[in-house]
Amino acid sequence: MVGMPTTGGSRLYAGNVPVEDASVVMRLKQAGALVMGKLQSTEFGGGRIAFANPWDMSRTASGSSAGPAIALSAREIPLAIGTDTGGSIRAPAAFCGVSGLKPTHGLVSRYGVMPMSWTLDHVGPIARSSADIALAMNVLAGHDHRDAGSVPRRVPDHVAGIAGGVKGRRLGIPRAWFWDLCDPQVESNARASIQLLQEAGMTVVEVDLPRTRGHDLSALSWFILAPELSSLHQVHLSRWEEYEREFGQRVLEGLFVSALDYIRALRLRRLVQADFEDAFRQVDALLTPGAVCVAPPLTEPLEAEIGDARHPLLEVQGRVYHPFNIAGLPALCLPSGFDGRRLPTSVQVVAGPFQESLCLRVAHALQQATPYHLMAPPGFSSR
Amino acid sequence: MQRGEDVGSVAAGLAELGVAVPEHALAEAARTYAAMETRFASWRQVELSYLPPVIEPASAAASLSSEFESQL
């Protein structure tokens, strides 16, 4: 944001004040939005994610778009903007009981946004409902000549038709990967959401992702992200000691990836996209868990509670998000209920490229049938 | 099969840039790489010869979207 200190959460940018707005900020201002400020994130969007969750302050809100999700959950603001390279909009939205959209790659300009990975970075809105996200997308979406990855494409009215219902539409449930490591309560609430969409008139179909079956999609994401991150930060390596510990390590990791493996990973994206292309010939939208677990306790290290088992959060969290960063597809996380401890659970609705309107329509159908997006954490009033 | 760099070669590469990073930090990064490389290993068995070259995100999205225009 022009005139406001913008440090990327890092000592490396101490004192940095931009001379112009990022494109998304400019568009919001032109549409009459009142930009209230900036919120807590992690160092360059990739550092330690230990932010208190309004639903239980002893648990994490995840990250990196933690501040936006927290402020929305706490009813302090109605709309926020986040970035998502491997779930950083969707994970905080899921843990904080709000809605977050990672749009199609190239639909929302990344100009003026500090990057992590030019292949996987996305910018998107976080709000308390799919209706509010649709409103935001009408402002944010559209070609920006200043972003080389921006797609020149007519942008539909995301608000029109959101309440058109989902009768006659087909909902795909991926058979594997997304459900292989999932807390039972999260899965149970996701299955309940599927049932609601069936009752709303959707036909539910299991879909397979055969080309990528049995392979580690998170590892594929890492072999793209790590070298791109290291490349972006090569200019800062002489000041490596000034990074915080977690992000400093991430900057080094990509240096070990060979050029051939990086190129291989980029070519393998086509397989991931092909699997989803085939899926969307059979169905209109996909539904997966919105997170592998509910918000974990603020322990060191953070651990995902999946049933009675514990897994390092950073090793498993991205499972449900990475495939859609790799494929560049629109993916929206929204609340699906609560577990026995009143911690939010979430589902993720995914559609074909530039089909944000369909994502939003499915999410809206769920939010018309459930009250979860209207509920505030204890001590925070609903409004 | 292709393998990545080791601590020695990464350190040497950094030295050429005039950058000094503590050896323990490089060792930790190497361990993370090794763990991810094990998880990535199965992807190396995937036949790539029939896949197109690296694609730009914008053109990829545009080519995919043409398949779904009729679904709007």
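Thresholds applied
- Residues numbered from 1 in each chain as written.
- Chains lettered and ligands numbered in written order.
- Predicted model: local features only at pLDDT ≥ 70, side-chain atom pairs only at ≥ 80, totals over all residues.
- Heavy atoms only, no water.
- Helix = DSSP H or I, 4+ residues; strand = E, 2+ residues; numbered from the N terminus.
- Rg over C-alpha atoms; globule rule 2.2 N^0.38 Å.
- Contact = heavy atoms within 4.5 Å.
- Areas by Shrake-Rupley, 256 points an atom, 1.4 Å probe, with all protein chains shown as cover.
- Lys, Arg positive; Asp, Glu negative; His and termini not counted.
- Charge placed at Lys NZ, Arg CZ, Asp CG, Glu CD.
- Salt bridge = Lys/Arg side-chain N within 4 Å of Asp/Glu carboxyl O.
- Buried < 20%, exposed > 50% of the residue type's maximum accessible area, 1.4 Å probe, protein only.
- Disulfide = S-S within 2.5 Å.
- Axes fitted to C-alpha atoms, helices over the stretch in contact; angles between N-to-C directions.
- Parallel < 35°, antiparallel > 145°, perpendicular 65-115°, else oblique.
- Nonpolar A, V, L, I, M, F, W, Y, C, P; charged D, E, K, R; others polar.

Novice: Go over the overall build of chain A with me, naming the residues and quoting the values.
Specialist: Each helix and strand in chain A was counted, giving 11 helices and 12 strands. A compact globule built from 383 residues should have a C-alpha radius of gyration of about 21 Å, and chain A, at 19 Å, falls within 12% of that. For chain A, the spread of C-alpha atoms along the principal axes amounts to about 60 × 45 × 45 Å. In chain A, 74% of the contacts between residues at least 6 apart in sequence involve partners at least 24 apart. Within the structure as shown, chain A displays about 13,700 Å² of accessible surface, and the carbon and sulfur contribution to it stands at 54%. Between the centroid of the 35 positive side chains of chain A and the centroid of its 36 negative side chains there is a distance of 6 Å.

Novice: Account for the pattern of salt bridges, with residues named and values stated.
Specialist: All names here are of chain A. This structure, assessed with the given rule, holds 23 salt bridges over all chains. Taking the shortest distance from any N to any O, the salt bridge between Asp278 and Arg281 comes out at 2.6 Å. One end of the pair, Asp278, and the other, Arg281, are both in helix 8 (residues 259-282), 3 residues apart, so they sit about a helical turn from each other. Look at Asp278 and you get partly exposed, because its relative accessible area is 26%. For the salt bridge of Arg341 with Asp339, the shortest nitrogen-to-oxygen distance reads 2.9 Å. On the basis of relative accessibility, which here comes to 44%, the residue Arg341 falls in the partly exposed class. By relative accessible area, Asp339 is classed as buried at 6%. Salt bridges here are not isolated pairs; linked through shared partners, they connect Arg211, Arg270, Asp275, Glu277, Asp278 and Arg281.

Novice: Tell me about the state of the cysteines, residues and numbers included.
Specialist: All names here are of chain A. Going through the model one piece at a time under the given rule, you end up with 0 disulfides over all chains. Note on Cys96: no disulfide assigned, nearest cysteine sulfur contributed by Cys333 at a separation of 12 Å. Accessibility expressed as a relative area gives 1% for Cys96, which makes it buried. This cysteine, Cys293, is not joined by any disulfide, and Cys182 carries the nearest cysteine sulfur, 8.8 Å off. Cys293 sits in the buried class, given a relative accessible area of 2%.

Novice: An account of the side chain of Arg27(A) is requested, with residue identities and associated values reported.
Specialist: Residue and element names in this part refer to chain A. For Arg27, the position within the fold is in helix 1 (residues 23-30). Of the buried charged residues, Arg27 lacks a salt bridge, with Asp144 as the closest side chain of opposite charge at 5.0 Å. Sequence-distant contacts of Arg27, that is, excluding residues within four places in its chain, are made with Val139, Leu140, Ala141, Gly142, His143 and Asp144.

Novice: Summarise the environment of Pro323(A); cite the residues concerned and give the values.
Specialist: Residues and elements named next belong to chain A. The residue Pro323 is located in helix 10 (residues 322-327) in this model. Overall, the relative accessible area of 1% leaves Pro323 in the buried class. Taking the C-alpha atoms as reference, Pro323 lies 10.0 Å from Trp177; in sequence the two are 146 residues apart. Discounting chain neighbours no more than four positions away, the residues touching Pro323 are Trp177, Phe178, Leu217, Val272, Phe276 and Gly318.

Novice: Mind laying out the packing of helix 5 (residues 184-199) of chain A against helix 11 (residues 356-369) of chain A, listing which residues take part and the relevant values?
Specialist: All names here are of chain A. Packing of helix 5 against helix 11 leaves a shortest axis separation of 10 Å and a crossing angle of 95°. What the angle tells us is that helix 5 and helix 11 run roughly perpendicular. In this structure, helix 5 contributes Ser193, Leu196 and Leu197 to the contact, and helix 11 contributes Val362, Ala365, Leu366 and Ala369. For the contact of helix 5 with helix 11, the per-class residue count stands at 6 nonpolar, 1 polar and no charged.

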